[in-house]
Amino acid sequence: MKIGIIRERKSPPDRRVVFSPQELVELQEQFPHAEIKVEPSDIRVFKDEEYKALGFELSDDLTDCDILLGVKEVPVDALIPGKKYFFFSHTIKKQQYNKKLLQAIINKHIDLYDHETIVDANNKRLIGFGEYAGIVGAYNCFRAFGVKYELFDLPKAETLTDKQALITKLKRLALPPVKIVLTGKGKVGKGAKAILDAVRIKEVSPENFLTKTYTEPVYTQLDVTDYNKRKDGKEITKEDFYVNPDKYESDFGKYAKVADIFIAGHFYGNGAPAILTNAMLTDKDNKIKVVADISCDIDGPVACTIRSSTIANPFYGYLPSESKEVDLFHPSAITVMAVDNLPCELPKDASEGFGHMFLEHVIPSFFNNDANGVLQRALITHNGSLTDRFKYLEDFINENNEVPHN
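All values reported here derive from a predicted model rather than from experimental measurement.

About the thresholds
- Residues numbered from 1 in each chain as written.
- Predicted model: local features only at pLDDT ≥ 70, side-chain atom pairs only at ≥ 80, totals over all residues.
- Heavy atoms only, no water.
- Disulfide = S-S within 2.5 Å.
- Buried < 20%, exposed > 50% of the residue type's maximum accessible area, 1.4 Å probe, protein only.
- Pairing = 2+ DSSP bridges.
- Helix = DSSP H or I, 4+ residues; strand = E, 2+ residues; numbered from the N terminus.
- Contact = heavy atoms within 4.5 Å.
- Axes fitted to C-alpha atoms, helices over the stretch in contact; angles between N-to-C directions.
- Polar contact = N/O pair within 3.5 Å; in protein donor to acceptor, adjacent residues only side chain to side chain.

With that settled, consider the state of the cysteines. Counting across every chain of the model gives zero disulfides. Cys304 takes part in no disulfide bond, and the closest cysteine sulfur to it belongs to Cys296, at a distance of 11 Å. Classification of Cys304 by relative accessible area gives buried; the value is 0%. You can see Cys344 has no disulfide; the closest cysteine sulfur is in Cys296, sitting 13 Å from it.

Dropping the structure here:
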């Protein structure tokens, strides 16, 4: 089996890669029959010479590879017909901007495995960059706070070497006794919590967060049952919330009245109630002045996230009274950080963490006849058609019959 590590071609450039040079060594040690080629790249966080030094072939021609591994979408004209591709395609939610990509994949008889569709038997995702989004998002929330109040000027995460360098910068800050509310206990929440804990910000219970005053910075981490309530007043459980989200409404307003910073790291499912509404932000008792929306659902559960921002320009101002974007330094503005590709700012750590997961959860399936069904569940297209699991995309790809040709 021949595996190709492809060059990232999307703009703006993404420096991440599925496997670091050292992890490819581990892959070959575990699976000696695997052959590996690396497509040269002048933007990748690991240099071509690092792969070459460990014995991996560099080549612009990957047509003899069976499996091609990348991170972001592959441009239509760069797709090689008849191959097995792994990358984030951003098509499974019927994203219009990638419709032609999915049409081309089908037309070129490509087997597409989306990193987002790699799940276990319980549909729990096995790989992703969520933890690194959480790490960078938490760092950026302090950057935003420093900018908002002109207290300090942290460097961009992308200019620092790794997670530890971010922590070192944060530890030097003299923070006022702010209250930080963090939503979500998945991978994103875990990453954000890791930063808060590393810089020794005290964690307190939701109850104490709401009722007590502190002389030091504190944070509380909320799950869905902490910031939602049933409309009928009945007792709530996570299981009930996921089954009956329409029976719930947000109870986040009480946190908005005491928190200075909101780090949004939750997963937002279809039908779930909005979390931070504009009514909460316009309430005379609202205290939130900085929102770091790592989840970044545009016009979704966080009212002030009206657009995504960029690594180059990560912050914008939001005026709740008029529901519109304003200058960052407008006296009544909420400062919003809504970068939608945060792991790109920590490419080395993110790549190494991703490669570790990919080697553990995916690569074995190619050598054990997919014993756990990982590949079968993840496969979106095969032999020029959508697989049964993804037939719901049929109407999406047929909306326009202009299918790109080879």
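Before going further, it helps to examine the sheet that holds strand S13 (residues 290-293). Across the sheet, eight strands lie side by side as S8-S9-S7-S12-S13-S16-S14-S15; this open sheet has mixed pairing. Two strands bound the open sheet, and with one partner strand each, they are strand S8 (202-203) and strand S15 (324-326). Bridge count for strand S14 (residues 315-319) against S15 is three bridges, and the pairing is antiparallel. Directly across from Gly317, in S15, lies its bridge partner Val326. Strands strand S7 (179-183), strand S12 (261-264), S13, S14 and strand S16 (334-337) of the sheet are contacted by helix H4 (residues 130-148), whose axis makes an angle of about 155° with S13. Together, S7, S8, strand S9 (218-222) and S12 form the strand contacts of helix H6 (residues 187-198), whose direction differs from that of S9 by roughly 165°.

On to the side chain of Thr91, then. Residue placement: Thr91 occurs in the loop between strand S5 (84-87) and helix H3 (99-107). Overall, the relative accessible area of 0% leaves Thr91 in the buried class. Only 2.8 Å separates the side chain of Thr91 from the side chain of Ser89, close enough to count as a polar contact. Among residues more than four places away in sequence, those in contact with Thr91 are Asn98, Leu102, Leu393 and Phe396.

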